[in-house]
Amino acid sequence: MGPARLPTGSRTRTAAPNSGSHTRTAAPNSGTGIGPARSFPRSRQRVSPPRPSPRQRARQWVSTARAYVALTKPRIIELLLVTTVPTMVVAEQGIPPVWLMVATIAGGTLAAGGANAINMYFDRDIDRLMERTKNRPLVTGAVAPRRALVFALVLEGAAFAWLWGFVNLLSAVLAVSATAFYVFVYTLWLKRTSSRNIIIGGAAGAVPVLVGWAAVTNSLDWAPLVLFGLIFYWTPPHFWALAIRYRDDYRAAGVPMLPAVASTRTTAVRILGYTVILGALSVLFSAVAEMGWVYLATAVVLGAVFLLLAVQVLRTQKAAAAMRLFSYSITYITLLFGAMVVDQVVRTGV
């Protein structure tokens, strides 16, 4: 019998064993869509940064706290509060209750700190352009602007509630009104538009004497108004002297502070004129508040030195002379108000 034949039409090729033809073998389960497990590169795992140590966390907390404190401009607050307690002593004609002084200082600190923080919030664009202010917290990013504004508003709310609750309503209204004046009249309006910015805006810095008087008497009188005028006329010579030194900063920031838009001579003449009025008001206060010889003698001597330094600024027109006047202006206000306390102690024997 011959070999069996396949059905007709069925053609297959059979390769001889080990022949040179190549055969393809399909992978198992080929065509089914299910193949052997493929190996993929391992996904990169996110590595969390190391958690800060307790010491590092403490340092971060301290750094943040310092940034928030810097928002309040504590050196300026110190200067403003130097005027508050002596005013309270004169109003009391002796030493007021310690708790009342502490409560008034605390409320005044909150109000002034909030005002300064709001000022930094709105001035952060020009602060970065000025050498003197380029390291402020909102410029360096130590505090976010929104957080700074919230912080400031919280301080103002706390100041009003504190003074109303522990002192009286009049002192609370005066303190917060000073902030509103400082922010809306000085910071948002005058500072960038008028060379008279610090003249009018300085009224906000004179309000603490009114707060101190109101804290004791729950009223106002001629004596605190004269003190208000004294601080009002002290502010321009004090600030213009500093602005002479930093006039290029103000020019770079486009702020029309007087020394940046006028000559040093013009500024010095204005400083001299305000210094004369300042001395006159310091003597007038002696009569209005019925002060004794200690205060009067101190006011005359301190005023004479202030006038001499103002004349030197006009004569030399140098930044060094202006900075001497600036430094002395702080000493002047501190010693003058300190003399009020000494005068009251000497006369009343408290």
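See the structure shown above.
Our subject in this report is the structure included herewith. (Residues numbered from 1 in each chain as written. Predicted model: local features only at pLDDT ≥ 70, side-chain atom pairs only at ≥ 80, totals over all residues. Heavy atoms only, no water.)

What about the packing of helix H13 (residues 264–288) against helix H14 (residues 293–316)?
Operational definition: Axis lines are fitted to C-alpha atoms, over the contacting stretch for helices. Their N-to-C directions set the angle, which ranges from 0 to 180 degrees. Strands are runs of DSSP state E lasting at least 2 residues, helices are runs of H or I lasting at least 4, and numbering of each runs from the N terminus. Roughly parallel refers to an angle under 35 degrees, roughly antiparallel to one over 145, roughly perpendicular to one between 65 and 115, and oblique to any angle outside these ranges. Contacts are assigned to residue pairs that have any heavy atoms within 4.5 Å of one another. Three residue categories are used. Nonpolar comprises Ala, Val, Leu, Ile, Met, Phe, Trp, Tyr, Cys and Pro, charged comprises Asp, Glu, Lys and Arg, and polar comprises the others, including Gly.
Running from N to C, H13 and H14 point in directions that differ by 175°, and their axes come no closer than 9 Å. For the element pair H13 / H14, the angle class is roughly antiparallel. Facing H13, whose interface residues are Arg265, Ala268, Val269, Ile271, Leu272, Thr275, Val276, Leu278, Ser282, Val283, Phe285 and Ser286, H14 presents Tyr295, Leu296, Ala299, Val300, Phe306, Leu307, Ala310, Val311, Val313 and Leu314. Looking at the contact of H13 with H14 residue by residue, the classes come out as 18 nonpolar, 3 polar and 1 charged.

A look at the side chain of Asp127
Counted only if it meets this: Pairs of N or O atoms within 3.5 Å make up the polar contacts considered here, provided that, within protein, one atom can donate a hydrogen while the other can accept it, and that residues adjacent in sequence are counted only when both atoms are side-chain atoms.
Positionally, Asp127 belongs in helix H4 (residues 124–127). A polar contact of 3.2 Å, which involves the side chain of Asp127, links it to the side chain of Arg136. Sequence-distant contacts of Asp127, that is, excluding residues within four places in its chain, are made with Met120, Thr133, Lys134, Arg136 and Val139.

Considerations on the layout of surface pockets
Inclusion rule: Using a 1 Å grid laid over the protein atoms alone, points where a 1.4 Å probe fits but cannot get out form a cavity; open sets with protein on both sides within 12 Å along at least 5 of 7 lines form a pocket; any residue with an atom within 4 Å of a point counts as lining. Grid points are joined across faces, edges and corners, and a volume is the space filled by probe spheres set on the points.
Its volume calculated, the second largest pocket comes out at about 170 Å³. Along the walls of the second largest pocket sit Val90, Ala91, Gln93, Trp213, Asp221, Ala223, Val288, Ala289, Glu290, Gln344, Arg347 and Thr348, which together make up its complete lining. Those elements giving two or more residues to the lining of the second largest pocket turn out to be helix H2 (74–92) and helix H15 (319–348). Looking at which element gives the most residues to the lining of the second largest pocket, the answer is H15, with 3 residues. Residue classes in the lining of the second largest pocket are distributed as 6 nonpolar, 3 polar and 3 charged.

Overview of the side chain of Asn197
Residue placement: Asn197 occurs in helix H8 (residues 197–201). Within the structure, Asn197 has its side chain in polar contact with the backbone oxygen of Ser194 (distance 3.0 Å). Apart from the residues lying within four places of it in its own chain, the contact partners of Asn197 are Tyr186, Leu190, Lys191, Gly202, Val255, Pro256 and Met257.

Things to note about a nonpolar patch on the surface
Note the threshold: Every patch collects residues that have over 30% relative accessible area and no salt bridge, joining them within 9 Å if they carry like charges and within 5 Å if they are nonpolar side chains (Val, Leu, Ile, Met, Phe, Trp, Tyr). Areas reported as accessible are Shrake-Rupley estimates using a 1.4 Å probe. Residue values count occlusion only from the protein chains shown. A side-chain nitrogen of Lys or Arg and a carboxyl oxygen of Asp or Glu constitute a salt bridge if their distance falls within 4 Å. Summary of the burial criterion: residues with accessible area below 20% of their type's maximum are buried, those above 50% are exposed, and those between are partly exposed, where the area comes from a 1.4 Å probe applied to protein chains only.
Where nonpolar side chains cluster on the molecular surface, the patch consists of Val98, Trp99, Val102 and Phe166 and spans about 410 Å² of accessible area. In this structure, Trp99 sits in helix H3 (residues 98–122). Residue Trp99 is classed as partly exposed on the basis of its relative accessible area of 47%.

Focus on H13
Counted only if it meets this: How far a helix is expected to stretch is found by multiplying one less than its residue total by 1.5 Å.
End to end, H13 covers 36 Å across 25 residues, agreeing with the expected 36 Å (1.5 Å per residue, within 8%). Of the positions making up H13, those classed as buried are Thr264, Thr267, Ala268, Ile271, Tyr274, Thr275, Leu278, Gly279, Leu281, Ser282, Phe285 and Ser286. Downstream of H13 by a residue or two, Glu290 has a phi angle that is positive, lying close to 55°.

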